[in-house]
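Inside the fold
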Amino acid sequence: MLSSMKPERIQLFGEGDAPQKPIETLGAKGAGLDEMARLGLPIPPGFVIPTSAYRLVTSDEAGSIPESLKLEIDDALRRLEEASGKRFGAAENPLLVSVRSGAAISMPGMLDTILNIGLTRSSLDGLAARSGGSRRFALDSYRRLLEMFGAIALGLPSDALEAHYEEARVDGFRLRAPEDVSEERLEEVVRALEDELCRVDGMGLPQDPREQLYRAISAVFRSWDAPRAKRYRESEGIADSLGTACTVQEMVFGNLSPRCGTGVLVSRNPTTGEPKLYGEYLPNAQGEDIVGGSRIPYSIARNGTAPGNEERSLEARHPDAYARLSEIARTLEAHFRDIQEIEFTIEEGELFFLQTRAAKRSARAAVRFAVDLVREGRIDKDEALMRVDAASLERLFRPTLEPPTALEARGIKPLARGLPASPGAAIGELVFDPDEAIIRAAEGREVILVRRETSPEDVHGMKAAAGILTRGGGMTSHAAVVARGLGKPSVVGCASVDIDTKSRLLHIGGVSLPEGSPITLDGTSGAIYEGALELSASGALQELDTLLTWADARRRLTLKVNTESPSKLALARALGASGVGLCRIEPLLFPEFRRNAIQRYFLSNEENAAKEALDALELGLRSDLEALFTVDPSIPYTVRLLDWPIENFLPNEPKEKSRLASSLGISEEALEQSISALCEINPAIGRRGVRLNLLYPELASAQIRAIFNAAERSALEAPIEFLIPMISGPTELRLIRERIESEASGRAFRLGALIETPRACLLADRLAAYADFFSFGTNDLTQLVFGLSRDDASALWRDLLEEPSKHTQNPFATIDRAGLGTLIQRAIELGRSKKPDLVFGISGEHGADPASIHYAEELGIDFISCSPPRLPSARLSAAQAAILHKPT
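Please read all numbers here as calculations on a predicted model, not as lab measurements.

Here we look at the nonpolar core
Ranked by internal contacts, the top residues of the largest apolar core, which has 93 residues, are Phe-602, Phe-629, Ile-720, Phe-722, Ile-724, Phe-774 and Phe-776. Residues contacting Phe-629, with those up to four places away along its chain left out, are Tyr-637, Val-639, Ile-707, Ala-710, Ala-711, Ser-714, Leu-716 and Ile-720. Counting residues in hydrophobic clusters, the runner-up holds 79 residues, among them Ile-65, Met-110, Tyr-142 and Cys-260.

Take a look at the structure:
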C-alpha cells in the first residue's frame, strides 16, 4: 500500500516556498540547510528527500526505492546539475554528492552518511583534474567511498575495511600524515577494498553512479532501523515512527590539498556557555575525520590552541575564513536564537557550510546561555525557563576534583592529560568494552570506559559508565559530543593512552593498569589520575540562582523536602525547599542502641522492660526531631509515624540474636519463638503503617509525644503536621486522630493521610472528614496499582503491562496516568467535594520527575516533596509546568 503512494515533490535547498513544518518534513539537517540557503549563506547546492519517503523505502523488505520516488530523485538531481554546473556520472569534472541522514531530533552518530557518491573508476581522472591532475586526491576520495559504501550499504565490518588504509599509513613506529601516503600505496589500498567489496555480492561498488545513489539513499533510510539507533531512541524516548529524511548535497572537498580543510564550530562554548567561538579544524580532511576522532584536530582560534600550535589554528591558516565564520556564527545564533553547531569545509580558500543545528551542551552552558539571552533582550524569562532541561540540573551538583595545581602541591600528579571534553569528575574501574561497562554497572559498580575512539556502537556503554576516556578525538568528536549530551565527565585526545586488548591492560603515563583498576577522571581539566581521589562539592553558578529565582516567581506548586537530617535540611533550604514534606521516623531508629530499644519493646515479656525501652525511644526521637526542627523553626514540618512492618526491626544475625536474648534474660530458643510469632507471610501488606500504630497504641503515643515535645521545645511557628501511612479507610484515620488529640493537651496540629492504597483513593471523601491534607505516597501506591514490586520493576514491568510499548515510561519513575493517575484524580475530586480547601501533595520519588510534576500541575496538586539534590530540577519543572498549563 505504502509503495504505491505518490511521494512529495523534492525541492532544492531554498527552492519554492518554505515547508510548513520544516523539521518534521526535512529533518533537522535538511531544515537547517534550507534555512541557510534562504539566508543567502554559502552552502553547496542539494536537496532533501523528506521523511515520508523513509516509510516508502522501508515498507519494502529489501529496502528498494520505488520507481515513483526514483523519478522524483532524478528530477531533483537534474536541477542540482544545473545549479552546480556539473554532471552526475560524467567522466570529466563529475558531480559527486554526499548522502546523509537527517532526523527531526538529533541522534549524534547513530545514523549513517556516505560521501563521494557518483565516483567511479572511469571518473577518477576527471576528479583528479580538479587538483591539478593529482590522482592521489582522487584515489583518497574513492578510498573513502569504498569504505563507507562497504560498511553501510553492504554491511561489512568498518574496522576491517579501514585497516587497509591504516596499514598504509604505518611507517615504522609512527603514522604517516595522510598527504604522505603515496599514490602507488593508495592504489593498492583501493584495489584491496574493491576486491573485498566484490566478495560480498560479486559486484561490490556499483560503477553506475545512479545505482550507487539509489543504494546509498536506501542504506541511509534503513540506518534508522539499525539496532544501535533503536537502542538510542529507546533510551531517549524518541518515537520510532518519526523516521529520517535524507539529504543529497554536492560534495566540497576539504581533502583536495593541504590548503583545504574541514571543521566543526560552536557559536558559544558548549561546556561553560561562555560567549566565545569554540571548535576544531583539520587540514586536508573530510568531515568524518574530525567527527570520528581518527585524527587529533587543531583549534579554530589562536587562543584556544595548545602553546606552540598557534600557527596551526584556523585563525592563523585562513584568517579570512575565520573572520567570515565568526560573522556567520553570530548571524545563525541570532537567527535561530540558540547555540549553533556548524559544520564547514574550506576548499581552496572558499568557505562552505554543510550543517547548522542546535548544539549539544552541558547543563552549565544551557543555564548560562538561557540567562544571557534574556540579558541580551533576545528572549523573555518564560522562554529562558523552557529552554533548560530540568532533569539536567542535577548534573550541576555532581562532585568535582580540586584543581590540578592544588593536587600537585600535595604531591598528587596526573598520569596523563587529554582534552577536557565534558566537565565533572568521575571515579571508577577501568573497562575497555562497552558491554563490560553494562555488566559491571548493573552490579552497582562505577566504571570508566576507555576506548581508542568511540563510535555509535559504544553509546550503550557510554550511558552505563561514570566517565569516558579516549585516545583519539577532539572537542567536537563523537565521544565529546555524546558525553556532553549525557552529562558524563569525559577526557578525549589523550595520546599517551595505549590499550592492550589481549592482556587487558591500559598503558598510560609510564604505568600499566589492569582492567578493573580504579582511576579518577577530571573532565574539567583533562587530567587522569591513578586510584580513587577525594571529590568535593561543585561550585556555585550565579546564572543558576538567577534562573531559579525566575522559576520561583513563575511556579504555583509549593516545594518541600524529604529528610530527617539537619544537615540535609540546611542544604534543602539553600536549594529552595519551603518546608519538610516527609520526615520518616525509621531512619532515626538506625543507630544500634535505638534499634536495640525497639527490639526490646517488641520482644520483652516484662512490662517494665518494655516500658523502659519505649521511654528511651521517646527521649531519643524527641532529641533528634528537636535537632531537625531547630534548623529553621519558621517552616512547616510533616512527620510520618512508623510505617515499616515489625520484621524490619527484628534481629537477623546469630550474634545479634544472642546479645538480645542475653539482655532480655531469656534463652535463644525462647527469643526465636517470639520472633516467629511476630513474623508474617507478607509483611509488606501486613502489620505496618497505620495498622502497626493501632495495634501498638503505646508505641503510637510515644511517637506522638516525642513529636509534640520536640516541636514545643523548638518553638515551631507553624502547627506540627502528622502523616499517617498506609491508610485504607476512615475508621483508621479517626482512631489515630483521637489518639493524637488525647496527647495534644490543646496544642495545635494538622493531620495528613498518606494515600498509598487504591481503597483510600476511592474513599477520599470519607477520609476528608478527619484529614487536613492528603499526601500521595506514589511509590507504594504504584506497587499496589500494578501488583508489582518496585524492587523487581526494572526487569519485569514492561513484560507485565497489558499493552507493552518501548516508549511507555517506567511507572516507578513517571506517574502512570492511565491507572495511577485516574485514582489520584478521583481522590482529589472526592476529597474536595467534601472539603474544598483540602490540600494535596506528592511525597514519593515521583515528586522530582519532570513529567510527573507536569501532571501534578494539571491535576491541581498543591505541593510536592522530594530529596534535596532534586530540588533545583523540581523548581524548574514546576515553573515549566505552570507556563505550559497557564490559562489561555
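Picking up after the structure, the text goes on.
A closer look at the packing of aromatic side chains
Under the defined criterion, the tally for this structure stands at 13 aromatic pairs. Here Tyr-54 and Trp-224 contribute two aromatic rings whose centre-to-centre distance is 6.3 Å and whose plane-to-plane angle is 65°, an arrangement assigned as edge-to-face. Linking Tyr-54 in helix H2 (residues 51–58) with Trp-224 in the loop between helix H8 (209–222) and helix H9 (227–236), this pair joins segments that are 170 residues apart in sequence. Residue Trp-224 is classed as buried on the basis of its relative accessible area of 0%. Every member of this aromatic cluster is reached through a ring pair, and the members are Tyr-54, Phe-221 and Trp-224. Its end group placed over the ring of Trp-224, Arg-233 keeps NZ or CZ at 3.9 Å from the ring centre. A cation over an aromatic ring shows up here: Lys-560 above the ring of Phe-863, its NZ or CZ 4.5 Å from the ring centre.

Describing empty space enclosed by the protein
A complete count under the given rule lists three cavities of 30 Å³ or more for this structure. The space that makes up the largest cavity amounts to roughly 90 Å³. Elements with a contribution of two residues or more to the lining of the largest cavity: strand S4 (97–103) and strand S8 (244–250). When its residues are assigned to classes, the lining of the largest cavity shows five nonpolar, six polar and two charged. Counted as a void, the second largest cavity has a volume near 50 Å³. For the second largest cavity, the full set of lining residues is Ile-585, Leu-589, Ile-598, Leu-614, Leu-617, Glu-618, Leu-621, Leu-642, Leu-699, Ala-702 and Gln-703. For the lining of the second largest cavity, the secondary structure elements donating two or more residues are helix H22 (607–629) and helix H26 (697–714). Examining the composition of the lining of the second largest cavity, we find that four residues originate from one element, H22, more than from any other.

Digging into the pattern of salt bridges
Applying the stated criterion to the full structure yields 73 salt bridges. Across the salt bridge formed by Asp-632 and Arg-573, the nearest N and O atoms sit 2.9 Å from each other. Placement of Asp-632 in the loop between H22 and strand S27 (637–640) and of Arg-573 in helix H20 (residues 566–574) is noted, with a sequence separation of 59 residues between them. Residues Glu-672 and Lys-657 are paired through a salt bridge, measuring 3.1 Å at the closest nitrogen-oxygen approach. With Glu-672 in helix H24 (residues 668–678) and Lys-657 in helix H23 (residues 654–664), this residue pair connects regions lying 15 residues apart in the sequence. On the accessibility criterion, Glu-672 (35% relative accessible area) is partly exposed. For Lys-657, a relative accessible area of 17% corresponds to the buried category. Within this structure, Arg-121, Asp-125, Arg-135, Glu-183, Glu-187, Arg-191 and Glu-194 form a network of salt bridges that share partners.

Thoughts on the sheet that holds strand S5 (residues 113–117)
What the four strands build is an open sheet, ordered S1-S8-S4-S5; its pairing is antiparallel. Each having just a single partner strand, strand S1 (46–49) and S5 make up the two edges of the open sheet. Neighbour-to-neighbour, the strand axes of the sheet open up by a mean angle of 20°, direction not taken into account. Relative to S5, S4 is paired through three bridges, and the arrangement is antiparallel. Residue pairing in the sheet places Val-97 in a bridge with Ile-117 of S5. Strands in contact with H8 are S1, S4, S5 and S8; relative to S8, the strand with the most contacts, it is inclined by about 145°.

Digging into the layout of surface pockets
As a volume, the second largest pocket reaches approximately 680 Å³. Secondary-structure elements contributing two or more residues to the lining of the second largest pocket are strand S26 (580–584) and helix H30 (778–786). Classifying every residue of the lining of the second largest pocket gives ten nonpolar, eleven polar and ten charged.

Some thoughts on the environment of Gln-673
Relative to the assigned elements, Gln-673 resides in helix H24. C-alpha separation for the pair Gln-673 and Glu-24, spaced 649 residues apart in sequence, amounts to 68 Å.

Comments concerning the sheet that holds strand S13 (residues 350–358)
Taken in spatial order, the five strands of this open sheet run S11-S10-S9-S12-S13, and their pairing is antiparallel. Only two strands of the sheet have a single neighbouring strand rather than two, namely strand S11 (298–299) and S13. Pairing geometry for strand S9 (residues 261–266) and strand S12 (residues 340–347), over six bridges, is antiparallel. Within S12, the position partnered with Thr-262 by the bridge is Thr-345.

Remarks on helix H1 (residues 22–38)
Between its first and last C-alpha atoms H1 spans 13 Å; for 17 residues at 1.5 Å apiece the expected length is 24 Å, and the helix comes up short by more than 12%. Where H1 bends most, at Ala-28, the angle is about 95°. Here the buried face of H1 lies against S1, S4, S8, helix H12 (319–336) and S13. Positive backbone phi, at 80°, marks Gly-40, one or two positions downstream of H1.

Concerning the environment of Glu-350
With respect to the helices and strands, Glu-350 occurs in strand S13. Look at Glu-350 and you get partly exposed, because its relative accessible area is 48%. Residues Glu-350 and Val-252, 98 residues apart in the sequence, show an inter-C-alpha distance of 9.8 Å.

Some words on the side chain of Thr-454
On the secondary structure map, Thr-454 appears in the loop between strand S17 (447–451) and helix H17 (459–464). A polar atom in the side chain of Thr-454 sits 3.2 Å from the backbone nitrogen of Ala-479.

Focus on the confidence of the model for the protein
Any segment with low pLDDT has predicted coordinates that should not be analysed in fine detail. Confidence in the prediction for the protein averages 89 pLDDT; 96% of positions are at 70 or higher. Within the model, the stretch residues 800–807 combines pLDDT values under 50 with 13 contacts to residues more than four positions away or in other chains.

Considerations on helix H7 (residues 183–201)
Under the 1.5 Å per step criterion, the end-to-end length of H7 is 28 Å for 19 residues, consistent within 8% with the ideal 27 Å. Here H7 has its buried residues at Leu-186, Glu-187, Val-189, Val-190, Leu-193, Glu-194, Glu-196 and Leu-197.

Topic: unusual backbone geometry
The backbone phi angle of Arg-337 is positive, close to 55°, even though this residue is not glycine. Here Arg-337 shows up in the loop between H12 and S12. A residue is classified by how much of its surface remains accessible, and Arg-337, at 33% relative accessible area, is partly exposed.

A closer look at the packing of helix H32 (residues 817–834) against helix H33 (residues 850–859)
Two elements in contact, H32 and H33, have axes separated by 11 Å at closest approach and are oriented at 30°. The way H32 lies across H33 gives a crossing that is right-handed. Facing H32, whose interface residues are Arg-817, Gly-821, Thr-822, Ile-824, Gln-825, Ile-828 and Arg-832, H33 presents Ala-851, Tyr-855, Glu-858 and Leu-859. Here the residues of the contact of H32 with H33 sort into five nonpolar, three polar and three charged.

Scoring rules and cut-offs
Residues numbered from 1 in each chain as written. Predicted model: local features only at pLDDT ≥ 70, side-chain atom pairs only at ≥ 80, totals over all residues. Heavy atoms only, no water. Core = buried A, V, L, I, M, F, W, Y, C linked by side-chain atoms within 4.5 Å. Buried < 20%, exposed > 50% of the residue type's maximum accessible area, 1.4 Å probe, protein only. Contact = heavy atoms within 4.5 Å. Phe/Tyr/Trp six-rings, centres within 6.5 Å; stacked < 30°, edge-to-face > 60°. Helix = DSSP H or I, 4+ residues; strand = E, 2+ residues; numbered from the N terminus. Lys NZ or Arg CZ within 6 Å of the ring centre and 35° of its normal. 1 Å grid on protein atoms, 1.4 Å probe; cavity = no way out; pocket = protein on both sides within 12 Å on 5 of 7 lines; lining within 4 Å. Points joined across faces, edges and corners; volume = space filled by probe spheres on them. Nonpolar A, V, L, I, M, F, W, Y, C, P; charged D, E, K, R; others polar. Salt bridge = Lys/Arg side-chain N within 4 Å of Asp/Glu carboxyl O. Pairing = 2+ DSSP bridges. Axes fitted to C-alpha atoms, helices over the stretch in contact; angles between N-to-C directions. Expected span 1.5 Å × (residues − 1). Bend = angle between axes of the 7 residues up to and from the residue. Polar contact = N/O pair within 3.5 Å; in protein donor to acceptor, adjacent residues only side chain to side chain. pLDDT = per-residue confidence, 0-100. Left-handed = near helix turned anticlockwise from the far one by under 90°.

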